[in-house]
Amino acid sequence: MQFTAKTANPATLTTDCLVAAVFDDKVLPEATQALDDASGRVLSKIVAAGDIGGKLGQTLLLQKVDGIRAKRILLVGCGKAKELDAKKYGAIMRNTYRALKQHSIDSAALTLTALPVAQLSPTRKAEILARNFEMQTYRYVTTKSRPGTNFTLKEAVVLTERDRGATAKGLATGAAIGRGMNLTRELGNLPANICTPTFLGKEAQRLARRYSRLMTAQTLTETQMRRLGMNSLLSVGNGSDQDSALIIMKYQGAPAREQPHVIVGKGITFDTGGISLKPGLGMDEMKFDMCGAASVLGCMQALCELKPAINVIGVIAAAENMPSGRATKPGDIVTTMSGQTVEILNTDAEGRLVLCDALTYVERFKPKTVVDIATLTGACITALGTVCSGLMSPDDELAQTLYLCGIETGDPCWRLPLWDDYQEQLNSNFADIANIGGPKAGTVTAGCFLARFTKKYRWAHLDIAGTAWQQGAEKGATGRPVPLLMEYLLNH
Ligand code: BES
Ligand code: MN
Ligand code: ZN
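If you're wondering where the values come from, they're calculated on a predicted model, not measured in any experiment.

### Some remarks on the coordination of the manganese ion (ligand 2)
Next up, step 1: Only Asp271 (OD), Asp348 (O), Asp348 (OD) and Glu350 (OE) from the protein reach the manganese ion (ligand 2) as donors, at distances of 2.0 to 2.2 Å.
Next up, step 2: Relative to the metal, the six donor atoms surrounding the manganese ion (ligand 2) lie at angles of 70 to 168 degrees, and the coordination shape comes out irregular.
Next up, step 3: Motif for the manganese ion (ligand 2), donor spacing along one chain: D-x76-D-x1-E.
Next up, step 4: A separation of 3.1 Å is found between the manganese ion (ligand 2) and the zinc ion (ligand 3), which share aspartate 271 as a coordinating residue. Here aspartate 348 lies in the loop between strand E12 (341–344) and helix H10 (351–361) and aspartate 271 lies in strand E9 (residues 261–271), a separation of 77 residues in the sequence.
Next up, step 5: Overall, aspartate 271 belongs to the buried group, its relative accessible area being 3%.

Right, dumping it as structure tokens:
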């Protein structure tokens, strides 16, 4: 898709379709009012007649209107002006794209960045527009025998009054983030018989080849991990015929002496629960248990496209959690890379077992900060549903920064306490730490487990169990929390 920022009078612009907003209760925002004036009140008459009231989700396509050069006008309901925020603004973009698709309009000019959205800059609005448009072009087809045809908007011209440069910058950022999210979604959606730990390693290599001036990728084999003492990570893959892997990607946009930000993704390519086997119903969704890893790959791709002057290291802890005669058993004890011993009371609490060794491994990079991303606990869905990701950090400043990044991008997260009061739930009679903390506060005790391995740097944990994929008829990976992570990496 081609995005262009343009300073032009919407009324006199030649375009297949001009997109204009209508607020709830038939209120016209400034840009639409100008078009109404140019058309001799045609638009306000249509709105007054009740053809479109302005509720979020409504759209109305008009054929040629006198006084306006465009072939058609698409009116888009934007809800109540005062309630507009980043999340609603994103929804407006998706509705707009869907209406264009419905009418097979492949080129449009949009006045939507002129909408006043509380606290959102022109750059941010353009970013959200491009990100959502780019995301709408994605459809999963890889394993369909008849992929069919897919509509894609070819050209989106974004009209601005003043800030053409700012808008252009937002469009470029949003498009790259949208494409990163689409990579994240594709990897999440791929079945586990294709998307194995080895496959994820190859994906990293593919990115590194494509962007060889900016990025390198390396995969540690099981043998190499054994030498490093990563017995906890390795224990998860014991029951699987697939080799586990630690994948390390380095994006270098600044001199090597600049400390990197590190992002670490949980990459369980399928989670059966192991010997602590999960129930059958809905188990297919555990192919999505590598969505943290997929979000790391999505971010690395977006970074390579945007080329910011920072250093970022992306790490993926990849394994397949299967039951077998060689699988880890409840009660087994492993020595982690950090030297701490872990009693594995439940083999289904495997995410923390792969992450703890990856989190110890990344100490060597002397990171500015480390953020891990994981579909870690079902309890996080119970606590927060699918609206926001869980955020945990002992660092108030880092937690606040990530929280604000979520609000700003419409990809929110909410903080849960990581207080020491919860640590005693992880006591073990036979090892330094147990891998489960009982039925209470399951998301927090998972975070507390990781906290024992992250003392040497500033760290935050995102539990994306509820946000990484959608269930039901719309089943599929969402690409979250790539927008939140990219906002953090690009601006902090
Ligand atoms: N990958 C799951 C968490 C999960 C479950 C995410 C359902 C999304 C939907 C994780 O490995 C897991 O199984 N966690 C256990 C932890 C428990 C054994 C302490 C869980 O949540 O039940
Ligand atoms: Mn599990
Ligand atoms: Zn899991």
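Picking up where we left off.
### What to know about the coordination of the zinc ion (ligand 3)
Next up, step 1: Coordination of the zinc ion (ligand 3) by the protein is provided by Lys266 (NZ), Asp271 (OD), Asp289 (OD) and Glu350 (OE), with metal-donor distances spanning 2.0 to 2.4 Å.
Next up, step 2: What the six donor atoms of the zinc ion (ligand 3) show is an angle range of 79 to 174 degrees at the metal, which sorts the shape as octahedral.
Next up, step 3: Read from N- to C-terminus, the donor residues coordinating the zinc ion (ligand 3) fall into the pattern K-x4-D-x17-D-x60-E.

### Things to note about the sheet that holds strand E11 (residues 332–335)
Think of a sheet as strands paired side by side through backbone hydrogen bonds, with each pair either parallel or antiparallel.
Next up, step 1: The three strands are arranged E11-E12-E16 in an open sheet whose pairing can be described as mixed. At either margin of the open sheet sits one strand with a lone partner, and together these are E11 and strand E16 (433–434).
Next up, step 2: Relative to E16, E12 is paired through two bridges, and the arrangement is parallel. Looking across to E16, one finds that glutamate 343 is bridged to alanine 434.

### Some points on helix H5 (residues 164–189)
Next up, step 1: For H5, spanning 26 residues, the distance from its first C-alpha to its last is 37 Å, which sits close to the expected 38 Å at 1.5 Å a residue.
Next up, step 2: Most of H5 is tucked away, with 19 of its 26 residues classed as buried.

### Looking at unusual backbone geometry
Next up, step 1: Of the consecutive residues arginine 480 and proline 481, the connecting peptide bond is found in the cis state with omega at 0 degrees.
Next up, step 2: Here proline 481 shows up in the loop between strand E19 (476–477) and helix H14 (482–491).
Next up, step 3: Phi at arginine 41 takes a positive value of approximately 70 degrees, unusual for a residue other than glycine.
Next up, step 4: Relative to the helices and strands, arginine 41 resides in the loop between helix H1 (30–38) and helix H2 (42–48).
Next up, step 5: Taking the relative accessible area as the measure of exposure, arginine 41 reaches 41% and is therefore partly exposed.
Next up, step 6: Although it is not a glycine, serine 104 adopts a positive phi angle of roughly 50 degrees.
Next up, step 7: Inspection of the secondary structure assignment puts serine 104 in the loop between helix H3 (86–102) and strand E5 (107–110).
Next up, step 8: By relative accessible area, serine 104 is classed as exposed at 55%.

### Structural notes on the packing of H3 against helix H4 (residues 122–136)
Next up, step 1: In the contact formed by H3 and H4, the axes pass within 9 Å of each other and the chain directions differ by 45 degrees. Comparing the axis directions of H3 and H4 gives the class oblique. Crossing of H3 against H4: the hand is right-handed. Touching Ala86, Tyr89, Gly90, Met93, Arg94, Thr96, Tyr97 and Arg98 of H3 are Lys125, Ile128, Leu129, Asn132, Phe133 and Gln136, all from H4.
Next up, step 2: Of the residues belonging to the contact of H3 with H4, the class tally is seven nonpolar, four polar and three charged.

### So, the environment of aspartate 395
Next up, step 1: In this structure, aspartate 395 sits in the loop between strand E14 (389–392) and helix H12 (396–409).
Next up, step 2: Relative accessible area serves as the criterion here: at 17%, aspartate 395 is assigned to the buried category.
Next up, step 3: Linking aspartate 395 and cysteine 291, residues 104 residues apart in sequence, is a C-alpha distance of 25 Å.
Next up, step 4: Setting aside anything within four residues of it in sequence, one finds aspartate 395 in contact with Arg415 and Arg458.
Next up, step 5: At a separation of 3.1 Å, a polar atom in the side chain of aspartate 395 contacts the main-chain amide nitrogen of glutamate 397.

### Describing the site of ligand 1
Next up, step 1: If you check the shell around ligand 1, you find 17 residues, and the closest are Lys278, Asp289, Asp348, Glu350 and Gly378.
Next up, step 2: Between ligand 1 and glycine 378 there is a distance of 2.7 Å, counted from an oxygen atom to a backbone nitrogen or oxygen.
Next up, step 3: Those elements that place two or more of their residues in the shell around ligand 1 are E9 and helix H11 (378–384).
Next up, step 4: Of the residues that constitute the shell around ligand 1, the class distribution is six nonpolar, four polar and seven charged.

### Topic: the pattern of salt bridges
Next up, step 1: Following the criterion strictly, the structure yields 26 salt bridges and no others.
Next up, step 2: Here arginine 162 makes a salt bridge to glutamate 161, at a shortest N to O gap of 3.0 Å.
Next up, step 3: Residue arginine 162 is classed as exposed on the basis of its relative accessible area, which comes to 63%.
Next up, step 4: Taking the relative accessible area as the measure of exposure, glutamate 161 reaches 52% and is therefore exposed.

### Brief notes about helix H13 (residues 442–451)
Next up, step 1: Across the ten residues of H13, ten count as buried, placing the element largely inside the fold.
Next up, step 2: Every buried residue of H13 is listed here: Gly442, Thr443, Val444, Thr445, Ala446, Gly447, Cys448, Phe449, Leu450 and Ala451.

Rules used throughout
Residues numbered from 1 in each chain as written. Chains lettered and ligands numbered in written order. Predicted model: local features only at pLDDT ≥ 70, side-chain atom pairs only at ≥ 80, totals over all residues. Heavy atoms only, no water. Donors = N, O, S within 2.8 Å, 3.2 Å for Na, K, Ca; no water. Tetrahedral: all angles 85-135°; square planar, octahedral: opposite > 155°, others 65-115°. Helix = DSSP H or I, 4+ residues; strand = E, 2+ residues; numbered from the N terminus. Buried < 20%, exposed > 50% of the residue type's maximum accessible area, 1.4 Å probe, protein only. Pairing = 2+ DSSP bridges. Expected span 1.5 Å × (residues − 1). Axes fitted to C-alpha atoms, helices over the stretch in contact; angles between N-to-C directions. Parallel < 35°, antiparallel > 145°, perpendicular 65-115°, else oblique. Left-handed = near helix turned anticlockwise from the far one by under 90°. Contact = heavy atoms within 4.5 Å. Nonpolar A, V, L, I, M, F, W, Y, C, P; charged D, E, K, R; others polar. Polar contact = N/O pair within 3.5 Å; in protein donor to acceptor, adjacent residues only side chain to side chain. Near = heavy atom within 4 Å. Salt bridge = Lys/Arg side-chain N within 4 Å of Asp/Glu carboxyl O.

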